[in-house]
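# Understanding the architecture of this molecule
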Amino acid sequence: MQRSLLIVDDDDEIRELLEFDLAQSGYKVDTARDGYEGLEKAVNNFYDLVLLDVMMPKMNGFDVCKNIRKTKPKLPVLLLTAKGTIDDKTQGFDCGADDYLVKPFDIQEVLLRVRALLRRNPEPQSSDAVLKKEILKMGEIEIFPDSLEVLVNGKKAKLTPTEFEILYCLMQHFNNAVALATLLDEVWGYDSDEDVRMLRVHVGGLRQKIETDTKNPRYLHTVTNVGYKLTPCGEEI
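Values in this document were obtained by computation on a predicted structure and should not be read as measured data.

Calculation notes
Residues numbered from 1 in each chain as written. Predicted model: local features only at pLDDT ≥ 70, side-chain atom pairs only at ≥ 80, totals over all residues. Heavy atoms only, no water. pLDDT = per-residue confidence, 0-100. Helix = DSSP H or I, 4+ residues; strand = E, 2+ residues; numbered from the N terminus. Contact = heavy atoms within 4.5 Å. 1 Å grid on protein atoms, 1.4 Å probe; cavity = no way out; pocket = protein on both sides within 12 Å on 5 of 7 lines; lining within 4 Å. Points joined across faces, edges and corners; volume = space filled by probe spheres on them. Nonpolar A, V, L, I, M, F, W, Y, C, P; charged D, E, K, R; others polar. Pairing = 2+ DSSP bridges. Axes fitted to C-alpha atoms, helices over the stretch in contact; angles between N-to-C directions. Salt bridge = Lys/Arg side-chain N within 4 Å of Asp/Glu carboxyl O. Buried < 20%, exposed > 50% of the residue type's maximum accessible area, 1.4 Å probe, protein only. Lys, Arg positive; Asp, Glu negative; His and termini not counted.

## Section: the confidence of the model for the chain
Residues with a pLDDT of 70 or more make up 90% of the chain, whose mean pLDDT is 85. Here helix 4 (residues 86–94) stands out as the least confident element of the chain, with mean pLDDT 81; strand 1 (residues 4–8) is the most confident, with 97. Overall, residues 124–131 carries pLDDT values under 50, and its contacts beyond four positions in sequence, including any with other chains, amount to 21 contacts.

## A look at the layout of surface pockets
In this structure, the second largest pocket spans a volume of roughly 180 Å³. Taken together, V152, N153, K155, K156, K209, I210, E211, T212, R218 and Y219 make up the full set of residues lining the second largest pocket. At the level of elements, strand 9 (155–158) and helix 8 (193–210) are the ones that each hand at least two residues to the lining of the second largest pocket. The residue makeup of the lining of the second largest pocket, split by class, is 3 nonpolar, 2 polar and 5 charged.

## Some details on the sheet that holds strand 9
On the basis of which strands lie adjacent, the open sheet formed by 4 strands has the order 6-7-8-9 and antiparallel pairing. Because the sheet does not close on itself, it has two edges, and the strands there are strand 6 (136–138) and strand 9. Taking each pair of neighbouring strands and ignoring which way they run, the sheet shows an average axis angle of 15°. Sheet contacts for helix 6 (residues 161–172): strand 6, strand 7 (141–144) and strand 8 (149–152); angle to strand 7, the most-contacted strand, approximately 125°.

## A word on the pattern of salt bridges
Per the counting criterion, the structure on display carries 13 salt bridges. Here D53 and K103 are joined by a salt bridge, their closest N and O atoms 3.1 Å apart. One end of the pair, D53, is in strand 3 (residues 49–53); the other, K103, is in the loop between strand 5 (99–102) and helix 5 (107–120), and 50 residues separate them in sequence. Note on accessibility: D53 and K103 belong to one class, buried. With a shortest N-O distance of 2.9 Å, D99 and R113 are connected by a salt bridge. Within this pair, whereas D99 is found in strand 5, its partner R113 is found in helix 5, the two being separated by 14 residues in sequence. By the burial criterion, D99 is buried, and R113 matches it. Here the residues in one salt-bridge network are D9, D53 and K103, joined through shared partners.

## Quick word on unusual backbone geometry
A cis amide bond links K103 with the next residue in sequence, P104, at an omega value of -5°. Its location among the elements puts P104 in the loop between strand 5 and helix 5. A positive phi angle, near 75°, is found at K58, a position not held by glycine. Judged by its relative accessible area of 61%, K58 falls in the exposed class.

## A closer look at the side chain of R207
As for its position among the elements, R207 is in helix 8. Among buried Asp, Glu, Lys and Arg side chains, R207 stands out as unpaired, with E211 the closest opposite charge at 5.2 Å. For R207, the residues in contact, after removing those within four places along its chain, are T214, P217, L220, H221, T222 and Y228.

Given below as structure tokens:
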């Protein structure tokens, strides 16, 4: 089935270029020219992915992403922006974005990121769509794919889709170190030095939601020169 994308960007040239290239690649494409229009379309229609500019009139992309997450927590959001510092990326991920691409970008890179995000959601979004993953419970951690919710020692932690995918991958390898390249491949479908930095930002956000003390984590540990390791019972490594 043809996948449906929404492009939200106030730059006519960029929006039209993306629309043309994504349509040529087989996607059904809709567009919006500002944040308000993009938010209205995103929450009232079914899309498989939103490509979202940050610096826009009326409502910026960070605020649009926050509001999308309130009603559609599983809808993938790819931020496209000229704001490329680590603080900007952290802000984007804190708003619930799944991926972040800095302008100017190569269209092939956009297509790669779109395919990777859609790979996580093989079924088109719909009002009753759910992630086809089983509930996992290990020690004090229990995760629910349908709601992207996590229980840690009985307390709820609602994750972004990317944070959920990282945790789900680590849960499947619990008590074993998972290499950075493995996490990138299983979550995004590719790996690069740039995306290692992006992964670390997501892991930092995940830690804030499942740990009471991020400087002395009980569950999500860094394994030097390897990657990360999850100990669901709060065991020491």
